[in-house]
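Summary of structural features
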Amino acid sequence: GGAPSTTGARRFLAFAGAASSPSILYASDAALAPPVFERMPDLATSSASSVRFFSAGAPYLLIAQQGGDALMFRWNGSAFSHHFSEYTLPKDVARGQVIAVPQAQAIAPFTAPDRHGAPAEFLLVGAFPNASGANPPATLLKGRREVIEGMRGPVSVAVSPVDGRHVYVASKYSKSISVFDRDPSSGMLRVNPSASYWSAWTASPISDSNPPGDGYRTPEAWGSPLDGIQSIVVAPDQAYLYAASAMEGAIAVFATDAVTGALTLQQVVRNAMANVLDGKTVFGLSGAYGLSLSPDGARLLVSSWHDQAVALFERGGDGVLVFHDAVTQGERIVTSFNDVVSDAAAYPMRLGGEDDAWYTSARDSKFFILTGTSYMVVATAGSDAGAVGGAASVFVWRDASDKFELLQRLEENVGASSVEAFTVVDESTYAPTTLHFIAVGNSYNTNSSAGVNLYTLSAATGRFTLHSALQTPSGTPILANALRYFSFNDVQYLAVARGWHTLTAPVASAVYRWNDGLGFGTAPMQEFPTEGAMGVEFMAMPTAGAEPLGLLMFSDFMSWSAGDMAGA
């Protein structure tokens, strides 16, 4: 059988496919006379016995299947669809439904007034005789249109993480959280107004005419505690939901019903409130915007755009939030490391103990991460130029103690004043080798003729071992005051800013080039006529229509003659 119909600019012709054949659909431009039909994608049916077209807010095709339930396909603007799949495009999500009438033979759509006198759509479905030959009664279905209210300006969605049976939608302009029941197998959603949380604003927004008259309006009338709601998150046990409201600078805590998903307000946390137990004052919530729960659900992080802060809350078993701390833009974050010195109260950030060389002096430090482990190397030359001590110290972060602990001292250095950390891939062999380096420059010490020492991380021991030393000019010991590793045009370099001990002559700084299989060598690739270089920096500067320009800058502290300033 055929069912011609017109929807907008198209005319359709559908054929119910017998046996295992799909039903076939053709379409033609409605303006063509006579019509010229072209085949569209087939409709997935089996043993179809009839096909009918009707319109009820959208075009529909009804297909009765002798071997199964009847199918209702809905036109979504590009195709007739009745189910989703992994191939369904976002524009094709409008769909029909399965009508549970087995052995359906004929379907008749019609419109009639309901008990309120409003027009309603009905379907009358007749079936083939059953296996015993009896004629089953016809099935009458009434169409229902679901209207979702209180969901203007949806901004955030959360799904109950344990069973997936509830979906929560936060709406900024309605100042509400809507609750949907979700079928985990099909993904079908149905709004549950009785489980949703509406603020006073949701049902009665304030305007020039509502409420009548002038005067003070309570925060609740303006939508508190969801005024400016921006995000929601559900706890891992799905027993609680948390909502961030930017206008209020507040976090609302809701208990969720295990069966219905219904929301019940439990707590509201705002700036300037105080914890019940320790009296700590809440801050960092102005413009509360984003929420994130730790995987175990023990902590809640809140990002706030107005305070430019991230606030941390501890979460109790009853879902209640207890303020812990907040960090703000530009704030220096300090904590206590492994400090065992006698005056630790005055120096809470100091690493090591009183026997460590850098207890009194540290010239340079570098933090770096290798293979997932955090390290810090510190140059520890003393301030006395004639001092003998001053090795570099390497610290490693230990999660167990939540501290940096001393890993080793690089004793080959007797006046460490500059450090650098970097990684180089040596491709001189068939299997490239990744080398993790620490470079230590020596100065502030008359015994610092070692110049620059390079160390590599041993995978076997987890410690750094001496790899090589960079050559220093003969004669007066040269001080390596600063180091800078850089890569340019896929070539790796190490620049050394060099100074002096005696004011007798200028001291050239140097650049060493990495060569696979040979390392940085001993002799520099190039020297530069600096006088008393104390710093070095590199930058790749883009140029119009050409290759980037590499700039290497040495800062001279003073001239070798009479202590004059030398510039850069």
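Here's what I pulled together on the structure shown here. (Residues numbered from 1 in each chain as written. Predicted model: local features only at pLDDT ≥ 70, side-chain atom pairs only at ≥ 80, totals over all residues. Heavy atoms only, no water.)

What follows concerns the nonpolar core. Of all hydrophobic cores here, the largest spans 21 residues; its most connected members are Tyr 242, Ile 251, Leu 300, Val 302 and Phe 313. Mapped onto this core, the elements with two or more residues apiece are β19 (240-245), β20 (250-256), β22 (288-293), β23 (299-304), β24 (309-315) and β25 (321-328). Once you skip the residues sitting within four places of it in the chain, Phe 313 turns out to touch Val 269, Val 282, Leu 285, Ala 298, Arg 299, Leu 300, Val 302, Leu 321, Val 322, Phe 323 and His 324. Judged by nonpolar contacts, the second largest core, of 18 residues, contains Ala 392, Val 396, Ala 421 and Phe 464. (Core = buried A, V, L, I, M, F, W, Y, C linked by side-chain atoms within 4.5 Å. Buried < 20%, exposed > 50% of the residue type's maximum accessible area, 1.4 Å probe, protein only. Helix = DSSP H or I, 4+ residues; strand = E, 2+ residues; numbered from the N terminus. Contact = heavy atoms within 4.5 Å.)

On to the sheet that holds strand β35 (residues 491-498). Pairing is antiparallel across the open sheet formed by 4 strands, whose spatial order is β34-β35-β36-β37. Edge positions in the sheet fall to β34 (480-488) and β37 (526-528), since each has one partner strand and no second. Recorded for the sheet is a direction-independent mean angle of 20° between the axes of neighbouring strands. Here β34 pairs with β35 via 8 bridges, running antiparallel. Bridge pairing in β35 places Arg 484 opposite Ala 495. (Pairing = 2+ DSSP bridges. Axes fitted to C-alpha atoms, helices over the stretch in contact; angles between N-to-C directions.)

Once that is clear, we can look at the packing of aromatic side chains. Scanning all chains against the criterion turns up 22 aromatic pairs. Taking 5.4 Å as the distance between ring centres and 15° as the angle between the ring planes, the aromatic pair formed by Phe 368 and Tyr 375 counts as stacked. Each member of the pair, Phe 368 together with Tyr 375, is buried. On the numbers, 5.7 Å between centres and 70° between planes, the contact of Phe 437 with Trp 514 is edge-to-face. Of this pair, Phe 437 sits in strand β31 (residues 433-442) while Trp 514 is found in the loop between β36 (509-513) and β37, placing the two residues 77 residues apart along the sequence. Residue class for Trp 514 comes out buried when judged on its relative accessible area of 5%. A connected cluster of aromatic rings, assembled from ring pairs, spans Phe 422, Phe 437, Tyr 485, Trp 514 and Phe 520. The residue whose ring lies beneath Lys 175 is Trp 201, and the NZ or CZ to ring-centre distance is 3.7 Å. (Phe/Tyr/Trp six-rings, centres within 6.5 Å; stacked < 30°, edge-to-face > 60°. Lys NZ or Arg CZ within 6 Å of the ring centre and 35° of its normal.)

Turning to the sheet that holds strand β27 (residues 373-379), a few remarks are in order. What links the strands of a sheet is backbone hydrogen bonding, and the strands pair in either a parallel or an antiparallel sense. Here 4 strands make up an open sheet; going across it, the order is β26-β27-β28-β29 and the pairing antiparallel. Only two strands of the sheet have a single neighbouring strand rather than two, namely β26 (364-370) and β29 (403-410). Looking at each pair of strands side by side, their axes are set apart by 25° on average, direction ignored. As paired strands, β27 and strand β28 (residues 392-398) are joined by 4 bridges and run antiparallel to one another. Across the sheet, the residue bridging to Val 377 is Val 394, located in β28.

Function cannot be read off these values alone, since they describe shape.
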